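For reference, the chains in residue letters:
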Amino acid sequence: MRKIKKINGFLVVKFNDHEKREYEGTALGEYGVIDAEVYTGNLDIDRGAMEYDDAETIEEAVELARGLEAERDAGDDEDK
């Protein structure tokens, strides 16, 4: 798994061929989104903490990460 982008505290990662083969049949996509604070770089550990692990394009993964930040912002407003 390789870090591609960081968006507001979330990392967009690209899964390598070995990981895709290992997790074949489990809906693992090309890209995932994970909170940067919990990222270890080991898919076996990180998969349970992934916000998304099924994005097929970088554009889709970036939009998913941006959406997570929007959800976090909206939740912060409600708490006040």
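Below is a short write-up of the structure. (Residues numbered from 1 in each chain as written. Predicted model: local features only at pLDDT ≥ 70, side-chain atom pairs only at ≥ 80, totals over all residues. Heavy atoms only, no water.)

1. Overview of the sheet that holds strand 1 (residues 2-7)
Two strands in a sheet stick together by hydrogen bonds in their backbones, pointing the same way (parallel) or opposite ways (antiparallel).
Here is step 1 of the chain: Pairing within the open sheet is antiparallel, and its four strands lie in the order 1-2-3-4. Two strands close off the open sheet at either side, each with one partner strand: strand 1 and strand 4 (50-55). Direction aside, neighbouring strands of the sheet carry axes that sit 20° apart on average.
Here is step 2 of the chain: Taken together, the five bridges between strand 1 and strand 2 (residues 10-14) define a ladder with antiparallel strand orientation. Note that in strand 2 the partner of isoleucine 7 across the bridge is phenylalanine 10. (Pairing = 2+ DSSP bridges. Helix = DSSP H or I, 4+ residues; strand = E, 2+ residues; numbered from the N terminus. Axes fitted to C-alpha atoms, helices over the stretch in contact; angles between N-to-C directions.)

2. Considerations on the pattern of salt bridges
When their charged atoms lie close together, side chains carrying opposite charge are able to pair.
Here is step 1 of the chain: Under the defined criterion, the tally for this structure stands at five salt bridges.
Here is step 2 of the chain: The partner of glutamate 30 in a salt bridge is lysine 20, with the nearest N and O atoms 2.8 Å apart. Residue glutamate 30 is found in the loop between helix 1 (17-22) and strand 3 (31-35), and its partner lysine 20 is found in helix 1; the two are separated by ten residues along the sequence.
Here is step 3 of the chain: Residue classification places glutamate 30 among the partly exposed residues on the basis of a relative accessible area of 23%.
Here is step 4 of the chain: Among the salt bridges present, the one from arginine 47 reaches aspartate 53, with a minimum N-O distance of 2.6 Å.
Here is step 5 of the chain: Residue classification places arginine 47 among the buried residues on the basis of a relative accessible area of 18%.
Here is step 6 of the chain: Bridged by salt links that share partners, the residues Lys14, Asp17, Lys20 and Glu30 form one connected network. (Salt bridge = Lys/Arg side-chain N within 4 Å of Asp/Glu carboxyl O. Buried < 20%, exposed > 50% of the residue type's maximum accessible area, 1.4 Å probe, protein only.)

3. A few points about the side chain of aspartate 46
Here is step 1 of the chain: With respect to the element layout, aspartate 46 can be found in helix 2 (residues 43-46).
Here is step 2 of the chain: Notably, aspartate 46 is buried but unbridged: the nearest opposite-charge side chain belongs to lysine 3, and the N-O separation is 9.7 Å.
Here is step 3 of the chain: A polar side-chain atom of aspartate 46 sits 2.8 Å from a polar atom in the side chain of threonine 40. (Lys, Arg positive; Asp, Glu negative; His and termini not counted. Polar contact = N/O pair within 3.5 Å; in protein donor to acceptor, adjacent residues only side chain to side chain.)

4. Observations concerning the pairing of strand 2
Here is step 1 of the chain: Counted residue by residue, strand 2 has four buried out of five residues, so it is predominantly covered.
Here is step 2 of the chain: What sits between strand 1 and strand 2 in their antiparallel hairpin is a turn of two residues, with asparagine 8 showing a positive phi close to 50°.
Here is step 3 of the chain: Two strands pair when backbone bridges link them, and strand 2 and strand 3 are joined in this way by five bridges, in the antiparallel orientation. The residue of strand 3 that forms the bridge with leucine 11 is isoleucine 34.

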